[in-house]
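A closer look at the structure
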Amino acid sequence: MSYVRRLRRSSSHGERLSEVTVMLRTKFRGYLQAVVEKLAENSKLQNSTKLKKILQDSKETVGESDIRGRMQPLQEQLKSTINHLHTVFETQVFIAICRWYWDRMGQDVLSFLENRKENRSWYKGSRIAISVSKNISIF
């Protein structure tokens, strides 16, 4: 009889623990998402680091070196941000934030291109801008 009571009590503790775990994961995910959104907003504070503005201006630029030059301030900001994040967060959190941040920037590029899909001239500049972003060496 005593074993049955303990089993019931432990299952209620287990259920409660499971509920708390789900709640903590949900809150954690929300906090990570808020951090990524704030990082994305910060990258849009200056015209020189607005990815959309860089992509818009890429249509007017002649060559790859011009686009790389326009990407330089954003690239420097990304390097600085990622290096700072690496010092603040433990590895798993750092990786999660960087992945979400990269996905968020990709959403901006995709949205930009979808709004201009009838005009293929935007694609070259966007492709170069993305290749520059991919080559950011953090460490």
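See the structure printed just above.
This section reports on the structure supplied with the text.

Conventions used here
Residues numbered from 1 in each chain as written. Predicted model: local features only at pLDDT ≥ 70, side-chain atom pairs only at ≥ 80, totals over all residues. Heavy atoms only, no water. Helix = DSSP H or I, 4+ residues; strand = E, 2+ residues; numbered from the N terminus. 1 Å grid on protein atoms, 1.4 Å probe; cavity = no way out; pocket = protein on both sides within 12 Å on 5 of 7 lines; lining within 4 Å. Points joined across faces, edges and corners; volume = space filled by probe spheres on them. Axes fitted to C-alpha atoms, helices over the stretch in contact; angles between N-to-C directions. Parallel < 35°, antiparallel > 145°, perpendicular 65-115°, else oblique. Left-handed = near helix turned anticlockwise from the far one by under 90°. Contact = heavy atoms within 4.5 Å. Nonpolar A, V, L, I, M, F, W, Y, C, P; charged D, E, K, R; others polar. Salt bridge = Lys/Arg side-chain N within 4 Å of Asp/Glu carboxyl O. Buried < 20%, exposed > 50% of the residue type's maximum accessible area, 1.4 Å probe, protein only.

The next thing to look at is the environment of Arg70. Mapped onto the secondary structure, Arg70 falls in helix H3 (residues 64–88). With 17 residues separating them along the chain, Arg70 and Lys53 place their C-alpha atoms 9.7 Å apart.

Our next topic: the layout of surface pockets. In this approach the atoms are scanned with a rolling probe the size of a water molecule, which exposes any empty space left behind. Reported here for the largest pocket is a volume of approximately 170 Å³. For the largest pocket, the lining is made up of 12 residues, of which Lys44, Leu51, Lys52, Asp108 and Phe112 are closest to its centre. Listing elements by their share of the lining of the largest pocket, those giving two or more residues are helix H2 (51–58) and helix H4 (91–114). No other element matches H4, which puts four residues into the lining of the largest pocket.

Once that is clear, we can look at the packing of H2 against H4. Between H2 and H4, the least distance of the axes is 10 Å, while the angle of their chain directions is 40°. The orientation of H2 relative to H4 falls into the category oblique. Judged by the sense of rotation from one axis to the other, the crossing of H2 with H4 is right-handed. Between H2 and H4, the residues in contact are Leu51, Lys52, Leu55 and Gln56 and Met105, Val109 and Phe112, respectively. Residues belonging to the contact of H2 with H4 are distributed by class as follows: five nonpolar, one polar and one charged.

Evaluation of the coordinates by the stated rule reveals six salt bridges. For Glu41, the salt bridge goes to Lys38, with nearest N and O atoms at 3.7 Å. Of this pair, Glu41 and Lys38 both sit in helix H1 (residues 2–42), separated by three residues, roughly a single helical turn. Among the salt bridges present, the one from Asp108 reaches Arg104, with a minimum N-O distance of 2.5 Å. Taken together, the residues span about one helical turn, with Asp108 and Arg104 both in helix H4 at a distance of four residues. Owing to a relative accessible area of 15%, Arg104 belongs among the buried residues under this scheme. Each of Glu37, Lys44, Arg104 and Asp108 takes part in one network of salt bridges that share partners.

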